Amino acid sequence: MTQDNATKREVRSGRSRVVGLASALLTVTAMSGLAGCLAGGHSDKPVLSVDLFWDQAASPSHFTGGTCSDANVSWMDWRLEDETGALVANPDPKNPSDKDCKNGFDFYDLGPGSYTFVVTGYDASDKPVWSSTCTNLDLQRFAASYECDVTR
């Protein structure tokens with residue numbers, strides 16, 4: 001199923017406003033020259049953050065977002081593509097922990113553009129249960145945060 005499950009953080013509820021405030025503080029701090037301390041020494045390019053909310057509801061008609069452990073996601077496969085569909089990032093095959101279930105990603109050193117995040121989550125029997133394609137993840141001059149609902 002391909003649908004746009006990404007939501008720019010600013011349009012979400014109060015929980016996101018607090019995180020949005022933290023993102024704004026991070027942006028102000030980065031602009032003041034302290035970005036290397038907070039971002040682990042990455043470049044001055046903006047950060048694209050994608051927070052995943054895994055569907056923990058058993059019913060396909062009702063979405064209840066949670067963490068990997070809330071939804072019992074065993075492992076995941078993912079990729080980030082640019083606006084032309086070219087692969088920008090994916091799990092490192094030499095590092096098996098790259099496929100461990102995660103609740104979010106921060107992508108550094110990306111140029112301005114529109115990105116797509118594709119994710120599939122697997123249960124303990126290696127059956128693909130969760131899947132989403134989050135499109136229109138726009139990155140310009142400043143850091144951007146998106147929420148991606150990963151549905152069953």
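As the structure is a prediction and not an experimental result, all values here were calculated from the model. For every chain, the first residue of its written sequence is number 1, and the numbers climb from 1 along that sequence. Where local features are concerned, this predicted model is filtered to residues with pLDDT of at least 70; where side-chain atom pairs are given and counted, the filter is 80 or more; whole-chain, interface and lining totals use all residues. Excluding hydrogens and water, the side-chain figures rest on all heavy atoms present in the structure.

(A) Local environment of the state of the cysteines. Criterion for a disulfide: a pair of cysteine sulfur atoms within 2.5 Å. Applying the stated rule across the entire model yields 2 disulfides. One disulfide bridge connects cysteine 68 with cysteine 101, the sulfur atoms lying 2.0 Å from each other. The chirality of the disulfide connecting cysteine 68 with cysteine 101 is left-handed, given an S-S dihedral of about -80°. Taken together, the positions of cysteine 68 in helix H2 (residues 68–71) and cysteine 101 in the loop between strand S5 (87–89) and strand S6 (104–107) put the pair 33 residues apart, joining distant regions of the chain. In this model, cysteine 134 is linked to cysteine 148 through a disulfide, with the two sulfur atoms separated by 1.8 Å. Handedness of the cysteine 134-cysteine 148 disulfide follows from its S-S torsion of about 70°: it is right-handed. Separated by 14 residues along the polypeptide, cysteine 134 in strand S8 (residues 128–139) and cysteine 148 in strand S9 (residues 144–150) bring together distant segments of the chain. Buried residues are those whose accessible area, probed at 1.4 Å on protein chains only, stays under 20% of the maximum for their type, while exposed residues exceed 50% and partly exposed ones sit between those limits. Judged by its relative accessible area of 0%, cysteine 134 is buried. Classification of cysteine 148 as buried rests on a relative accessible area of 1%. In the protein chain, the bonded cysteines, taken in the order they occur along the sequence, pair up as 1-2, 3-4. Secondary structure counts use DSSP, requiring at least four H or I residues in a row for a helix and at least two E residues in a row for a strand, with both numbered from the N terminus.

(B) Geometry of the pairing of S6. Of the two faces of S6, the one lined by Phe105 and Phe107 is fully buried and the one lined by Gly104 and Asp106 carries no buried residue. Only strands joined by at least two bridges in the DSSP assignment are considered to pair. Direction of pairing for strand S2 (residues 48–55) relative to S6: antiparallel, over a ladder of 4 bridges. Among the inter-strand pairings, aspartate 51 is bridged to a residue of S6, identified as glycine 104.

(C) Inspection of the nonpolar core at higher detail. Formed by 27 residues in total, the largest nonpolar core has its most connected members in Leu48, Leu52, Trp54, Phe107 and Phe117. The contact definition used throughout considers only heavy atoms, calling two residues in contact when any of these lie within 4.5 Å. Look past the residues within four positions of phenylalanine 107 in its chain and what remains in contact with it is Pro46, Val47, Leu48, Val50, Trp78, Leu80, Ala89 and Phe117. Here the nonpolar core consists of buried residues drawn from Ala, Val, Leu, Ile, Met, Phe, Trp, Tyr and Cys, with membership extended through side-chain atoms lying within 4.5 Å.

(D) Layout of the environment of tyrosine 115. Looking at the secondary structure, you find tyrosine 115 in strand S7 (residues 113–122). By relative accessible area, which is 6% here, tyrosine 115 ends up buried. Here the alpha-carbon distance between tyrosine 115 and leucine 48, two residues 67 residues apart in the chain, equals 9.2 Å. In this view, tyrosine 115 contacts Leu48, Leu80, Glu81, Asp82, Val88, Leu110, Cys134, Thr135, Asn136, Leu137 and Leu139; residues no more than four positions away in its chain are not counted. One polar contact links the side chain of tyrosine 115 to the main-chain carbonyl oxygen of glycine 111, over a distance of 2.7 Å. Definition of a polar contact: a pair of N or O atoms within 3.5 Å, with one able to donate and the other able to accept a hydrogen when the atoms are protein atoms, and with sequence-neighbouring residues admitted only if both atoms are side-chain atoms.

(E) Summary view of the pattern of salt bridges. Any Lys or Arg side-chain nitrogen located within 4 Å of an Asp or Glu carboxyl oxygen qualifies as a salt bridge. The tally for this structure, following the rule as stated, stands at 2 salt bridges. Residue lysine 99 is joined to aspartate 77 by a salt bridge in which the shortest nitrogen-to-oxygen separation is 3.7 Å. Here lysine 99, found in the loop between S5 and S6, pairs with aspartate 77, found in strand S4 (residues 75–81); they are 22 residues apart in sequence, far enough to count as distant. The closest approach of N and O atoms between arginine 79 and glutamate 81, which form a salt bridge, is 2.7 Å. Exposure remark for arginine 79: the relative accessible area of 36% places this residue in the partly exposed category. Looking at glutamate 81, the relative accessible area reads 16%, which means it is buried.

(F) Summary view of unusual backbone geometry. Positive phi, close to 65°, is recorded for asparagine 72, a residue that is not glycine. Looking at the element boundaries, asparagine 72 is found in the loop between H2 and S4. Residue classification places asparagine 72 among the exposed positions, given a relative accessible area of 57%. One non-glycine residue, aspartate 126, adopts positive backbone phi at about 65°. Tracing the chain through its elements places aspartate 126 in the loop between S7 and S8.

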